[in-house]
Amino acid sequence: MDVRLLGDCGKMVPKSMLRRRRSESVEIGNTNCEVNSEENEGVLIPCLLNIWGVMLFLRIAWVVAQAGIGLSVIIVFLSAIVCVITTLSLSAICTNGQLQGGGVYYLVSRSLGAEFGASVGILFAFANAVAASMNTIGFCDSLNHLLKTHGLKIVDNDVNDIRIVGAVALLVMCVICAIGMDWETKAQNFLIVVIVVAIINYIVGALIGPSSDVERAKGFVGINLQTIRENWLPNFRYSEGREHDFFSVFAVYFPAVTGVQAGANICGDLKNPAVAIPKGTLLALAISVTSYFTMVILSGMGALRDASGNVANLTTAALESCKPHCGYGLHNNYAIMQLMSAWGPFIYAGCWAATLSTALTNLLSVPRLIQALGVDRIYPGLIFFSKPYGRHGEPYRGYVLTFFVSLLFLLIANLNAIAPLITNFYLASYALINFCTFHAAFVHQINWRPTFRYYNKWLSLAGFLMCASIMMIISWAMALTTMFVFMTLYLLVLYRKPDVSWGSSTEGQRYQDTVSFITELSHRVTHSRSYNPQLLVLAGTPLQRPALIDVAHMLTKIGSFMIVADITDTALTKGERVSRQHIGEQFVKYRKLRAFYVLLQGLDLKRGANALMQASGLGKLSPNILLIGFKKDWTNAEHKQISDYYGVIQDAFDLKLAVTILRVPGTSQTVQRWRWTPRVVSEPNNFELVMHTQVLALMNSDSDLEDDDQAIDDDSDKLIDSENQLSNETSSSEQNPESIGGEALRSANFSRTSRRKLSNGALSFRALSFNCKQYVDAWWLYEDGGLNILLPYIIARRGYKHKLPLRIFAITKEQHKREFENKCMESLLKKFRIEYTELTLVRGIGDAPPESSWKMFNNIINDFKSEEKTDILTSEAELKSQYSKTSRHLRLRNLLLQHSTKAAIVIITLPLPRKVSASLYMAWLEVLSRDLPPVLFVRGNDSCVLDA
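Keep in mind that this is a model prediction, so the values were computed, not measured.

Chemist: Could you clarify how one ought to interpret the overall build of the protein chain in this entry?
Modeler: When its secondary structure is counted, the protein chain shows 35 helices and 16 strands. Looking at the 948 residues of the protein chain, the share that counts as buried comes to 55%. Contacts in the protein chain between residues far apart in sequence, at least 24 positions, make up 80% of those at least 6 positions apart. With an accessible surface of roughly 42000 Å², the protein chain has 56% of that area assigned to carbon and sulfur atoms.

Chemist: What's the story with the state of the cysteines in this structure? I'm lost.
Modeler: By definition, a disulfide links the sulfur atoms of two cysteine residues through a covalent bond. Enumeration over the complete set of coordinates arrives at one disulfide. Sulfur-sulfur distance for the disulfide between Cys322 and Cys326 comes to 1.8 Å. Its S-S torsion of approximately 110° makes the covalent link between Cys322 and Cys326 right-handed. For Cys326, a relative accessible area of 9% translates into the label buried.

Chemist: Which parts of the structure should I look at to understand the nonpolar core?
Modeler: The nonpolar side chains of soluble globular proteins are, as a tendency, buried together. Counting 147 residues, the largest nonpolar core has Phe57, Ile195, Tyr253, Tyr292, Ile378 and Tyr430 as its most contacted members. Among residues more than four places away in sequence, those in contact with Ile195 are Leu49, Trp52, Leu56, Phe57, Gly350, Ala353 and Ala354. Within the second largest apolar cluster, 60 residues are counted, among which are Ala609, Phe653, Ala918 and Met922.

Chemist: What exactly am I supposed to notice about the pairing of strand β6 (residues 562–568) here?
Modeler: Regular strands place their side chains on alternate faces of the sheet. Where burial is concerned, most of β6 is hidden: seven out of the seven residues are buried. Along β6, one buried face is formed by Met562, Val564, Asp566 and Thr568 and the opposite face, lined by Ile563, Ala565 and Ile567, is buried too. Sheet topology note: the strand β5 (residues 535–538)/β6 ladder contains four bridges and is parallel. Directly across from Leu538, in β6, lies its bridge partner Ala565. Two strands pair when backbone bridges link them, and β6 and strand β7 (residues 595–601) are joined in this way by seven bridges, in the parallel orientation. Its bridge partner being in β7, Ile563 is matched across the sheet by Phe596.

Chemist: So what exactly am I meant to see when it comes to the pattern of salt bridges here?
Modeler: Two side chains of opposite charge can pair, provided their charged atoms sit close to one another. What the rule picks out here adds up to 17 salt bridges. Between Arg891 and Asp847 there is a salt bridge, with its nearest N and O atoms 4.0 Å apart. In this pair, Arg891 is assigned in helix α34 (residues 883–899) and Asp847 in the loop between β14 (838–841) and α32 (851–861), connecting sequence segments 44 residues apart. Residue Arg891 is classed as buried on the basis of its relative accessible area, which comes to 17%. Of the charged contacts in the structure, one is a salt bridge between Asp931 and Arg893, with a shortest N-O distance of 3.0 Å. Of this pair, Asp931 sits in the loop between α35 (918–929) and β16 (935–939) while Arg893 is found in helix α34, placing the two residues 38 residues apart along the sequence. A relative accessible area of 55% means that Asp931 is categorised as exposed.

Chemist: For this particular structure, what's the right way to read the pairing of strand β12 (residues 776–780)?
Modeler: Burial analysis of β12 places five of its five residues in the buried class, which makes it a mostly covered element. Here β12 pairs with strand β13 (residues 806–810) via five bridges, running parallel. Paired with Asp777 across the strands is Arg807, a residue of β13. Where β12 lies against strand β15 (residues 905–909), four bridges are found, and the strand directions are parallel. Looking across to β15, one finds that Trp779 is bridged to Ile908.

Chemist: Help me out: how do you make sense of unusual backbone geometry in this one?
Modeler: Backbone geometry follows two general trends: most residues other than glycine have a negative phi, and most peptide bonds adopt the trans configuration. A positive phi angle is found at Lys592, which is not glycine, with a value near 55°. With respect to the helices and strands, the residue Lys592 is situated in the loop between α23 (574–590) and β7. Here Lys592 falls in the exposed class, since its relative accessible area comes to 71%.

Chemist: What is the right way to read the packing of aromatic side chains from this model?
Modeler: Any two aromatic rings considered together are summarised by their centre-to-centre distance and by the angle between their planes. Applying the stated criterion across every chain, the model contains 28 aromatic pairs. Where Tyr253 meets Tyr292, the ring centres are 5.6 Å apart and the plane angle is 80°; that geometry is what we call edge-to-face. Of this pair, Tyr253 sits in helix α10 (residues 246–253) while Tyr292 sits in helix α12 (residues 273–302), placing them 39 residues apart in sequence. Ring centres of Phe254 and Tyr430 lie 6.2 Å apart, and the angle between their planes is 65°; on these two criteria the pair is classed as edge-to-face. In this pair, Phe254 sits in the loop between α10 and α11 (262–265) while Tyr430 sits in helix α18 (residues 415–443), placing the two residues 176 residues apart along the sequence. Connected via pairs of aromatic rings, a cluster forms that spans Phe124, Phe250, Phe254, Tyr426 and Tyr430. In this arrangement the basic side chain of Arg59 is found over the ring face of Tyr334, its NZ or CZ atom lying 3.6 Å from the centre.

Chemist: Can you help me understand empty space enclosed by the protein in this one?
Modeler: Any space left empty among the atoms is revealed by the rolling of a water-sized probe across them. Counted under the stated rule, the structure contains three cavities of 30 Å³ or more. Quantified by volume, the largest cavity comes out at close to 110 Å³. Along the walls of the largest cavity sit 16 residues, with Asn50, Asn135, Pro255, Thr258 and Thr358 positioned nearest its centre. For the lining of the largest cavity, the elements supplying multiple residues, two or more each, are α1 (39–51), α2 (54–58), α5 (114–149) and α15 (344–375). With three residues, the top contributor of residues to the lining of the largest cavity is α5. By residue class, the composition of the lining of the largest cavity is eight nonpolar, eight polar and no charged.

Chemist: Sorry, what's going on with the side chain of Thr136 here?
Modeler: Along the polypeptide, Thr136 turns up in helix α5. Engagement of the side chain of Thr136 in a polar contact is seen with the backbone oxygen of Ala132, the distance being 2.6 Å.

Chemist: Is there a simple way to explain the packing of α18 against helix α19 (residues 457–474) in this structure?
Modeler: A pair of packed helices is characterised by two quantities: the angle between their axes and the separation of those axes. Between α18 and α19, the least distance of the axes is 8 Å, while the angle of their chain directions is 155°. Compared by their axis directions, α18 and α19 come out roughly antiparallel. In the crossing of α18 with α19, the sense of the turn from one axis to the other is left-handed. Between α18 and α19, the residues in contact are Thr423, Asn424, Leu427, Ala428, Tyr430, Ala431, Asn434, Phe435, Thr437, Phe438, Ala441 and Phe442 and Lys457, Trp458, Ser460, Leu461, Gly463, Phe464, Cys467, Ile470, Met471 and Ile474, respectively. Each residue belonging to the contact of α18 with α19 can be placed in one class, and the counts come to 15 nonpolar, six polar and one charged.

Calculation rules
Residues numbered from 1 in each chain as written. Predicted model: local features only at pLDDT ≥ 70, side-chain atom pairs only at ≥ 80, totals over all residues. Heavy atoms only, no water. Helix = DSSP H or I, 4+ residues; strand = E, 2+ residues; numbered from the N terminus. Buried < 20%, exposed > 50% of the residue type's maximum accessible area, 1.4 Å probe, protein only. Contact = heavy atoms within 4.5 Å. Areas by Shrake-Rupley, 256 points an atom, 1.4 Å probe, with all protein chains shown as cover. Disulfide = S-S within 2.5 Å. Core = buried A, V, L, I, M, F, W, Y, C linked by side-chain atoms within 4.5 Å. Pairing = 2+ DSSP bridges. Salt bridge = Lys/Arg side-chain N within 4 Å of Asp/Glu carboxyl O. Phe/Tyr/Trp six-rings, centres within 6.5 Å; stacked < 30°, edge-to-face > 60°. Lys NZ or Arg CZ within 6 Å of the ring centre and 35° of its normal. 1 Å grid on protein atoms, 1.4 Å probe; cavity = no way out; pocket = protein on both sides within 12 Å on 5 of 7 lines; lining within 4 Å. Points joined across faces, edges and corners; volume = space filled by probe spheres on them. Nonpolar A, V, L, I, M, F, W, Y, C, P; charged D, E, K, R; others polar. Polar contact = N/O pair within 3.5 Å; in protein donor to acceptor, adjacent residues only side chain to side chain. Axes fitted to C-alpha atoms, helices over the stretch in contact; angles between N-to-C directions. Parallel < 35°, antiparallel > 145°, perpendicular 65-115°, else oblique. Left-handed = near helix turned anticlockwise from the far one by under 90°.

See below:
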């Protein structure tokens, strides 16, 4: 059976189900694979109906009256140039992959990113809503004129009638759009015929000339050289509240050529958009611009600027003698086209067809654009208006919002006042479209492969600059207001940081810049002033050791980063790995860490840590500090575990990394609750699923890889089920799917209770917490390059939400010169710009420790004695040779208990693991950290990290 792809899950459905009308497009965010339109119906007619609007029949004559034939031709030509360049840029964007609903918003957001796309999307939605008002006002103006010619009125035959009729018309059109536009495609051909016949009707009438003296008296004198000479040059006048000039008239005219984006809105419906969009849009522009040129020239050649309407004297001088209070002529009569046409009533029909069809199109597009923004969750305030209703997913709330916005501007009831506002927003949108194409082509992103080739990045840049310049010339105040609104919307999205990634050229530019910076950084000579702590944190699954993450975050949250490593000696399945990786990344995101989560499988702790210490990072952005947790159960652990743990510390020093070890008592941690997004894998893009399945429909996957890939790629609609399980199917369809999420939690060594809570999307963990009145105690025992004093300073001054008082305890060489050494140490710390609360030079480090300390030490080490020293076990000979060091550590323990039992955290210089057994070294760390607040052992690699 012939099948096609449809819907948001990439499901295979019969081809017969695809035969739905374009007007039955449902949710904006979904992939719609519907019946393809031919170029003439899909692009040409919608573009013509959007371009031929209110200006065609109600303002062309006024433009000629103000600017003259010469400048009017230039205005039409300049508008056409802007639209042609924008069309070429638009064609390139539309043919660089498949598009969804959302029109200009979708184009810009997927090309330049959510910040630009959402901002210009709001501007474009606003412009379309106001354009609906403008076209409705045009319809009401024409209706008012018709009623006036028959001596009829509703209230005053002026602005109040426009407001009454316009409000009713807007309401009716919104209801029609909400109910459904199934008849729209059929009606398009009829409407276009009405407009074309109306244009021909005007041309024929203008060529034939006036049929009565009444027409001559009202300014229609027929084509003659004298009229051409008089109307060739501009005659800018004060009109409707302002003095006009070239660009003010351009601002009124420009909405006449907007509508080139109509093809982009239905790009997904076309068989060959690379041909249909440029061909249809450029052909529509050529036809519409030709019709505007024709009407401009005929208006200037056949009608006077001013006429009195007095049939008693038909000389030109007599007709123009009424200036500046004439009632007829190009300047004064917006409905002069009815006068010049072969049959006046048909001009009304053409005007209504043009205005109402354009207004309907605008009213139909705005709610769907708002729905697209809501579905992408860019602006929270728009989510309410994006809710779909009915089987077609109609945004009824969006229609209500659009109605009130359009109604607000309809109350202005002045076409010339609204047109410049729309021009400003349309020019801003067109500028962004041109900039999108330029930026994408300039960045040379690998996914920039438009099938439309007839574009040029520098031409697109010229189009951007042209639109921006025209905006400023028309009204610098309005241009700055538009820019302010745009920047406000942009910064709002930038601040919210929506969780979206669309492969935009901005992301491509950011990636290229990042690679360039990292490469350049790798070639620079490192200076101590540029030192930043870059941590490799052996945290395992982050939920198991959150205190390690907390301390690492304190050290890296300003200007640095950490790599959170999860090492497991178990060989994970693909599903287990994906799920475990997802849990780790979710935790990093939830805690807002500057961190990268890395999962290493199939290696024990020592080999895995060694591999990470050598290979993790990029160039100078590689870890320079290893942070691990203290192995509190080492006295009961297997000897291999102790050996691996000790080996990690030795390897780190051998590889010139600084080493930090954290020991945290349970009482120092507070329970926090983490509610994570219970997904096993992130949802793939609908189009990616569609395209991948289409490829698989044509090609077989490599048989050697089929068993591996089948788990994820067998059925895209089984990626996420109701219990957050990933189907782990093999090539045999008879196997039952496994709950990979559960396997990952079991492999991560969570308790059964924790696994149950996490499977429900919530889990409690203990976070490290300090009292802002407690001290940070730094025991600076040995010189290691300054890291032992730098890290406490970072934690005390920048790591916690409140600044913590820092106390420094130091041991100097000359203990008998206490006062002199104290001054020297103060001077040294001042030179290093280390702020501290209290400085204490420790005395008595060489004194004998009390007997109770030796008893505690012996109780710890007794189980690890042997006749001969090994890598793990100690001997009496080693204990004797290391007696002085052990004694010093025991004495230091007494000093720590004396001074730092109430500290928030204690930072101590880590002893070097030189020529000492693993058990003896662990015993030293045990006695130094037992019965104390959180203890962080720190030892630098003798590289200077402090600079005067």
